[in-house]
Amino acid sequence: MSGVKDKNCELVAKRWAQALFELAQEDENISKDDILDDLLEISNTIDSSDELLNVINNPSISTEEKQIVLCKLFQNSIMPIVYNFIFVLNLRKRIGIISEIAVEFAKELERFKNITHVNVTSAIEIDDNKKTDIENKIAQKLNKDVVVEWGVDNDIIAGLIFKIDELVIDNSVKHKLENLSKEIIKV
């Protein structure tokens, strides 16, 4: 049940993030990076204070009282578009998912900037020059800017495993041996 709730929260946060992103695109003078910074500032401020977190998530505290708190905290420190956004979030009783909205907004911004994250796992540590070569080849193949996270797993014996979003490309010797073993068993 918790997984369904988390997925639902992620979906709701994604919709709110997309709405804010679309609103930001209407005015080319509005920096989407600055919006993300403001969302992260709000999220971090709320998450860093147990007392504030309790106020935001407490259904017995009225929307008006929460708005007063949010106004005092953020009215002069964030962009008007973001301030208006959190005002609406509060009215719709969604201010409690601001952290998730910030995460989804960051994803929207990366899609807009044509950036994708790739996890690369190798059997041994790869030197920086080789990492740069691999990173450039991935970027060229995907026709995107890439942010690569590197990992080492001695169990894969040799080769590389690439994870791009939900796609996994397993070019490891361990994987090839497992496939060979399955083929032998079939015979």
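Residues numbered from 1 in each chain as written. Predicted model: local features only at pLDDT ≥ 70, side-chain atom pairs only at ≥ 80, totals over all residues. Heavy atoms only, no water.

Chemist: Sorry, what's going on with helix H2 (residues 32–47) here?
Modeler: An α-helical turn contains 3.6 residues, so any two residues separated by three or four positions project in the same direction. Between its first and last C-alpha atoms H2 spans 22 Å; for 16 residues at 1.5 Å apiece the expected length is 22 Å, and the two agree. Listed as buried for H2 are Lys32, Ile35, Leu36, Asp38, Leu39, Ile42, Ser43 and Ile46. Summarising the axial view, the buried residues of H2 lie within an arc of 160°, below the 170-degree limit, and thus occupy one face. A side-chain oxygen of the first residue of H2 lies 3.3 Å from the backbone nitrogen of Asp33; this N-cap is Ser31. (Helix = DSSP H or I, 4+ residues; strand = E, 2+ residues; numbered from the N terminus. Expected span 1.5 Å × (residues − 1). Buried < 20%, exposed > 50% of the residue type's maximum accessible area, 1.4 Å probe, protein only. Arc of directions from axis to C-beta. Polar contact = N/O pair within 3.5 Å; in protein donor to acceptor, adjacent residues only side chain to side chain.)

Chemist: I would appreciate a short explanation of the pattern of salt bridges in the present structure.
Modeler: Pairing between side chains of opposite charge can happen when the charged atoms of each approach one another. Evaluated as defined, the whole model comprises four salt bridges. The residue Glu104 makes a salt bridge to Lys107 at a minimum N-O spacing of 3.3 Å. Residue Glu104 and its partner Lys107 are both found in helix H6 (residues 98–112); the two are separated by three residues, about one turn of the helix. Of the residues examined, Glu104 reaches a relative accessible area of 6% and is grouped as buried. Looking at Lys107, the relative accessible area reads 34%, which means it is partly exposed. The shortest N-O distance in the salt bridge between Glu108 and Arg111 comes to 2.6 Å. Of this pair, Glu108 and Arg111 both sit in helix H6, three residues apart, which is roughly one turn of the helix. Taking relative accessible area as the criterion, Glu108 reaches 12% and is therefore assigned buried. A residue is classified by how much of its surface remains accessible, and Arg111, at 45% relative accessible area, is partly exposed. (Salt bridge = Lys/Arg side-chain N within 4 Å of Asp/Glu carboxyl O.)

Chemist: Hey, could you run me through the side chain of Gln67 in this one?
Modeler: Structurally, Gln67 is set in helix H4 (residues 63–74). The class for Gln67 is buried, based on a relative accessible area of 10%. Polar side-chain contacts of Gln67 include one of 2.9 Å to the side chain of Asn90. Excluding anything up to four places from it in sequence, Gln67 contacts Tyr83, Ile86, Phe87 and Asn90. (Contact = heavy atoms within 4.5 Å.)

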